[in-house]
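Analysis of the macromolecular model
Here is how the chains run, residue by residue.
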There are 2 protein chains.
Amino acid sequence: MNMAIDEAIDGVNSDKGGPFGCVIVKDGEIVGRGNNNVTSTNDPSAHAEIVAIRNACKNLNTYQLEGCDVYTSCEPCPMCLGAIYWARPNNVFYAVSKEDAASIGFDDAFIYNEINKKDEDRKINFKQCNIENMRKPFSIWDSKENKKEY
Amino acid sequence: MNMAIDEAIDGVNSDKGGPFGCVIVKDGEIVGRGNNNVTSTNDPSAHAEIVAIRNACKNLNTYQLEGCDVYTSCEPCPMCLGAIYWARPNNVFYAVSKEDAASIGFDDAFIYNEINKKDEDRKINFKQCNIENMRKPFSIWDSKENKKEY
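Just so it is clear, the structure is predicted and the values come from calculations on it, not from any experiment.

1. Some remarks on the pairing of strand 1 (residues 21-26) of chain A
All names here are of chain A.
- A large share of strand 1 lies buried, amounting to 5 of its 6 residues.
- Across 6 bridges, the pairing between strand 1 and strand 2 (residues 29-35) is antiparallel. Looking across to strand 2, one finds that Val25 is bridged to Ile30.
- Linking strand 1 back to strand 2 in an antiparallel pair, the connection comprises 2 residues, with Asp27 at a positive phi of about 50°.
- In this structure, strand 1 lies alongside strand 3 (residues 68-74), joined through 5 bridges in antiparallel fashion. Residue Val25 lies in a different strand from strand 3, and its bridge partner there is Asp69.

2. Points about unusual backbone geometry
All names here are of chain B.
- In the Ramachandran plot, Asp27 falls in the positive-phi region, its phi being about 50° despite a non-glycine side chain.
- In this structure, Asp27 sits in the loop between strand 1 (21-26) and strand 2 (29-35).
- Taking the relative accessible area as the measure of exposure, Asp27 reaches 70% and is therefore exposed.
- Here Asn61, not a glycine, exhibits a phi torsion of approximately 55°, which is positive.

3. As for the side chain of Asn35 of chain A
Residues and elements named next belong to chain A.
- Among the structural elements, Asn35 can be located in strand 2.
- The exposure class assigned to Asn35 is buried, which follows from its relative accessible area of 4%.
- Side-chain polar atoms of Asn35 contact the backbone oxygen of Glu7, separated by 3.0 Å.

Rules behind the numbers
Residues numbered from 1 in each chain as written. Chains lettered and ligands numbered in written order. Predicted model: local features only at pLDDT ≥ 70, side-chain atom pairs only at ≥ 80, totals over all residues. Heavy atoms only, no water. Buried < 20%, exposed > 50% of the residue type's maximum accessible area, 1.4 Å probe, protein only. Helix = DSSP H or I, 4+ residues; strand = E, 2+ residues; numbered from the N terminus. Pairing = 2+ DSSP bridges. Polar contact = N/O pair within 3.5 Å; in protein donor to acceptor, adjacent residues only side chain to side chain.

Pasting the structure below:
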């Protein structure tokens, strides 16, 4: 966890982005690491956890992190929580909470609240549009042979 | 929306990943597009919406998508919903639902359920660890001058 905190500090000091860091460990070895790179790379998805997951997947040549533990300096936001579920590590350890992040101006807690709202009640307008061929990608996927599932 | 569906179909047919596509529009022009690239790039975060957001941010040279509309072939999963909130577009239009995605084996609806659970009740173990210097990144950030907020 100290290394995740150090990643966060390095990120702020080198103007990479917000004050967040993450380290991913497998069998006692560091397999991925990263800090928040949102503003330096113009990538709103480049939170520390996602940067570290991408790094670990690259290093391990996989899109699944079974057997890995994630150490992150702050409780994951919904985007990062989702990314963690898709990557499927064993454990997630975090230091400060999403309420701490909110206290210095980050939207983590706000987004947790928005998720449970109906489309029409959200701050960003969500709307379902039924169009004729909308199930075609799924039916092609369903009948595809040798597909790589995840 | 038809172009988002076409992106999804192209992605499946070219073995890039799952059956999902996304197009981002600003002032009537397409500024970003993408399909699911998870299995072809070993990046579990490379869902269609995130690929399209990264593409739009690159094209517009920004990390914020004010004034943009997101057209996605499927209701965003929590990761993509989070990414959308961080990118801050105006509107999100989607075709099939997260329940449709669940019906062909994708975890979107499952992750929506996990988000509201307590750390100890989740399928992936989450645990807060209090360590002495855990607030140091935030205090450095707080006192930093000329920082780029997002």
